[in-house]
Amino acid sequence: MKRPRIAIPEMNQNLSNYFNALSAAGMEAVAISVRTGQEQQKDPQDFLDYSKFRVEEYDGLLLPGGGDINPARYGQEDQGSNTIIDELDDLQFSILDDFVKSGKPVLGICRGHQVLDVYFGGTMIQHLPTTAIHYRMESGPDIVHGCRAEKGSWLAEIYGTEFIHNSAHHQAVGILGEGLVVDGRCPEDDTVEAFHHSRLPVYGLQWHPERMCLEWEREDTVNGLPAFRFFGSVCGLSVPVSK
């Protein structure tokens, strides 16, 4: 059985949780970086310099979590965005454009979910007035809250219409990007927690399924691995791989 090959564009980021979750779900991850010679958490063959990247060599794209997008990309001044790295924005938006134009599957997680929204013309709420629901200010594990999934959505098919997931973000979708359809919201403040594109195999999750499975599995949330298995099926994986 062919393991779908998934690109993850990053900069000096520990991607081990994503690598492990994708592998457990039957996929092979390759991190794409704009920098060479950097210290990485995985073996060198798991990383590829962006200059050698070819979209046709991959079955899907995963946009991982991270810092905030430069608000200039959605026509706003900085009003509370943190850890902006323009070079990372350039890399991820460029690779995303390659995948969208090729019609290939994309999964955005947390920051990646936000990158998708902005790419399709949406905007961000730069600092949620209800941040305390979504982000623990002090050090510690992710907090949790409920999600209400739309009936009949891909999200509801995996987890049902009411479930609990982790949360670690202070920004959220403002104006929804063109073609994006909301699949889940936080019932406490209506924050968009998941969406899909109406015409493309593009999916976004505002939460972190890679920190809800395998060694990160939690008793107070659903298991995150089914979300990766769903993405694997979109990328051509015909037989689910068990934990």
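It should be noted that the structure appears before, not after, this text.
Procedures and definitions
- Note on numbering: residues in each chain are counted from 1, in written sequence order.
- Whole-chain, interface and lining totals are the exception, using all residues; otherwise, since this is a predicted model, local features are given only for residues with pLDDT of at least 70 and side-chain atom pairs are given and counted only at 80 or more.
- The side-chain numbers reported here are obtained from all heavy atoms of the structure, hydrogens and water having been left aside.
- The term salt bridge refers to a side-chain nitrogen of Lys or Arg lying within 4 Å of a carboxyl oxygen of Asp or Glu.
- We count a stretch as a helix when DSSP gives it H or I for four or more residues in a row; a strand needs E for two or more, and each element gets its number in order from the N terminus.
- Here the term buried applies to any residue with accessible area under 20% of the maximum for its type, exposed to any over 50%, and partly exposed to those in between, with areas from a 1.4 Å probe on protein chains only.
- Residues count as neighbours in contact if any of their non-hydrogen atoms are within 4.5 Å of one another.
- Ring pairs are drawn from Phe, Tyr and Trp, using the six-membered ring of Trp, whenever the two centres fall within 6.5 Å, and their geometry is named by plane angle: stacked under 30 degrees, edge-to-face over 60, tilted for the rest.
- Note on geometry: a ring has a charge over it if NZ (lysine) or CZ (arginine) is within 6 Å of the ring centre and within 35 degrees of the ring normal.

Kindly report on the pattern of salt bridges, identifying the contributing residues and their values.
For the structure shown, the criterion picks out 11 salt bridges. Residue Arg73 pairs with Asp90 through a salt bridge whose shortest N-O separation is 2.6 Å. Here Arg73 is found in the loop between strand 4 (60-63) and helix 2 (86-102), whereas its partner Asp90 is found in helix 2, with 17 residues between them in sequence. Judged by relative accessible area, which is 36%, Arg73 ranks as partly exposed. Residue Asp90 is classed as partly exposed on the basis of its relative accessible area of 45%. Arg111 is the salt-bridge partner of Asp89, the closest N and O atoms lying 2.7 Å from each other. You can see Asp89 sitting in helix 2 and its partner Arg111 sitting in helix 3 (residues 111-119), a full 22 residues away along the chain. Residues Asp89 and Arg111 agree in their burial class; the two are buried. Each of Arg73, Asp89, Asp90 and Arg111 takes part in a single network of salt bridges with overlapping partners.

Quick one: what's the story with the side chain of Thr221, residue by residue and with numbers?
Following the sequence through the fold, Thr221 ends up in the loop between strand 12 (202-205) and helix 6 (225-234). Discounting residues that sit within four places of it in the chain, Thr221 has contacts with Val144, Ile164, His165, Asn166 and Met212.

Which residues make up the environment of Gly204, and what values do they have?
Among the structural elements, Gly204 can be located in strand 12. When its relative accessible area of 0% is taken as the criterion, Gly204 is described as buried. For the pair formed by Gly204 and Val182, sequence separation is 22 residues and the distance between their alpha carbons is 9.4 Å. Not counting residues within four places of it along the chain, the set of residues in contact with Gly204 comprises Gly108, His113, Leu116, Trp154, Glu193, Ala194 and Phe195.

Explain helix 1 (residues 16-24) residue by residue, including any values.
The set of residues buried in helix 1 consists of Asn17, Tyr18, Phe19, Ala21, Leu22 and Ala24. Looking at the buried residues of helix 1, the elements they touch are strand 1 (5-10), strand 2 (28-33), strand 4, strand 5 (106-109) and helix 6. Positive backbone phi, at 95°, marks Gly26, one or two positions downstream of helix 1.

Any chance you could break down the packing of aromatic side chains for me, citing the residues and the numbers?
Enumeration according to the criterion identifies 9 aromatic pairs in this entry. Considering the side-chain rings of Phe53 and Tyr58, the 5.4 Å spacing of their centres and the 25° angle between planes classify their relative orientation as stacked. Since its relative accessible area comes to 6%, Phe53 is described here as buried. Between Tyr203 and Phe230, the aromatic rings sit 5.1 Å apart at their centres with planes inclined by 90°, giving edge-to-face as the arrangement. Highlighted residues: Tyr203 in strand 12 and Phe230 in helix 6, separated in sequence by 27 residues. Phe230 matches Tyr203 in its accessibility class, with the two residues each being buried. Over the ring of Phe93 we find Arg73; its NZ or CZ atom is 4.5 Å from the centre of that ring.

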